[in-house]
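# Analysis of the macromolecular model
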Amino acid sequence: MKEIDIKTLKTKELYQYLTSAVTPRPIALVSTISENGMSNLSPYSFFNVFSIRPPILIFSPVNRTIDNTKKDTLINISKNKECVIGLVTEDIAQQVSLASSNFPSEEDEFKKAGLSKHLASLVKPSLIKDSPINFECKVNDIVELGQEGGSGNLVICEVLKIHIDEKLFDSENNIDPLKLKIVSRLGGSWYGKTNEESLYKMSKPISKIGVGIDNLPLEIKNSKILSGADLATLASVEEIPNKKNTATNEKNTEEKHILAKELISEGETQKAWQELL
Ligand SMILES: Cc1cc2nc3c(=O)[nH]c(=O)nc-3n(C[C@H](O)[C@H](O)[C@H](O)COP(=O)(O)O)c2cc1C
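Source: prediction; values computed, not measured.

Definitions and cut-offs
- Residues numbered from 1 in each chain as written.
- Predicted model: local features only at pLDDT ≥ 70, side-chain atom pairs only at ≥ 80, totals over all residues.
- Near = placed C-beta within 6 Å.
- Helix = DSSP H or I, 4+ residues; strand = E, 2+ residues; numbered from the N terminus.
- Nonpolar A, V, L, I, M, F, W, Y, C, P; charged D, E, K, R; others polar.
- Buried ≥ 20, exposed ≤ 12 C-beta atoms within 10 Å, placed from the backbone.
- Domains from an automatic or database assignment.
- Pairing = 2+ DSSP bridges.
- Expected span 1.5 Å × (residues − 1).
- Arc of directions from axis to C-beta.
- Contact = placed C-beta atoms within 7 Å.

## Side note on the site of the ligand
The environment of the ligand is made up of 17 residues, and the closest members are Ser 42, Phe 46, Lys 71, Asp 72 and Thr 73. With 4 residues, strand 3 (residues 39-44) is the single largest residue contributor to the shell around the ligand. Residues of the shell around the ligand, tallied by class, amount to 6 nonpolar, 8 polar and 3 charged.

Here it is in structure tokens:
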């Protein structure tokens, strides 16, 4: 294990470690407006949802490391306490990256990035027409986390209205991630996609309480073949099943565990249990 002493690190190195480790991060495309009415648009991946009611999103513009100045987004929000947050999809990711350039504050960054505006109904900053999900927000608070270059400023946004493209919904009225195609930020120049290769479902009905790995039979718990994930799947059942088929199983332990592993990977947990019992 590499142990990293924070005190000896330059801010840039610390940035690399933190942003390459805490991944993937969603990206907020933040639309604000200056005192002179100029539109600003910038991406922020220090971003997430923190409360449902009230609906709170938080993002963090850090003070520029070069000269410890505040970013335009923060300056605008400090003045008028409003923003629109759009989500970043594959279609617009390259343009969003362009919007992150340090354009002068007198320039309209929607125009620079070739993205279109749409009137918001409750706040002055524009909706981002090219983003399929926009949140109209009022800013309840700004929390300064430090005074140096690299210090974050938590912008605590209360969502007043959500705009969602109808095309994103599945038949059960949920947002379908495969239609949304959200893009995430990782370390360096890495970005993540949400497509069929990268997404999977993990069945863990929240209403059920699993038996837990500690309650699995020793032979299963100490298996050299079944992984932690396999054991977790087996231990998610409400009770350890009874053996249904009483015919003698000719396989040795290793063979049983190999077959059970295969069944688990196919989503056949009950069959895997029968094989193991
Ligand atoms: C995908 C992406 C995510 C970013 N996330 C952040 C962030 O969370 N915090 C930050 O201070 N800068 C972040 N940046 C850099 C800002 O977007 C950049 O400094 C921008 O120029 C700020 O614009 P502004 O001065 O108009 O607000 C990010 C850039 C990209 C491309």
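The structure having been displayed, the exposition proceeds.
## Brief notes about the environment of Val 22
For Val 22, the position within the fold is in the loop between helix 1 (11-21) and strand 1 (25-26). On the neighbour-count criterion, Val 22 (13 C-beta atoms within 10 Å) is partly exposed. Sequence-wise, Val 22 and Gly 187 are 165 residues apart; in three dimensions their C-alpha atoms are separated by 8.3 Å.

## Things to note about the domain arrangement of the protein
One can read the domain layout of the protein as domain 1 (6-193) and domain 2 (213-276). When each unit is reduced to the centre of its C-alpha atoms, the spacing between domain 1 and domain 2 is 46 Å.

## Observations concerning the sheet that holds strand 11 (residues 183-185)
If you walk across this open sheet you meet the 3 strands as 1-11-12, and the pairing is antiparallel. Strand pairing shows two members of the sheet lacking a second neighbour, strand 1 and strand 12 (191-193), which therefore form its edges. Inspection of the sheet shows strand 1 paired to strand 11 by 2 bridges, in the antiparallel sense. When the bridges of strand 11 are listed, Arg 25 appears paired with Arg 185.

## Here we look at the pairing of strand 10 (residues 153-164)
Summarising the sheet, strand 5 (residues 56-59) and strand 10 pair through 4 bridges and their orientation is antiparallel. Bridge pairing links Leu 57 to Cys 157 in strand 10. Pairing analysis gives 11 bridges linking strand 9 (residues 133-144) to strand 10, with the strands arranged antiparallel. Within the sheet, the bridge partner assigned to Glu 136 lies in strand 10 and is Lys 161.

## Structural notes on helix 8 (residues 253-265)
Between its terminal C-alpha atoms helix 8 stretches 18 Å, which fits the 18 Å expected from 13 residues at 1.5 Å a residue. For helix 8, every residue scored as buried is listed here: Lys 256, His 257, Ala 260, Leu 263 and Ile 264. With its buried residues spanning 120° around the axis, helix 8 presents them on a single face. Exposed and oriented more than 90 degrees from the buried face of helix 8 are Glu 254 and Ser 265. For helix 8, the elements touching its buried residues are helix 7 (228-234) and helix 9 (269-276). Positive backbone phi, approximately 80°, marks Gly 267, located one or two places after helix 8.

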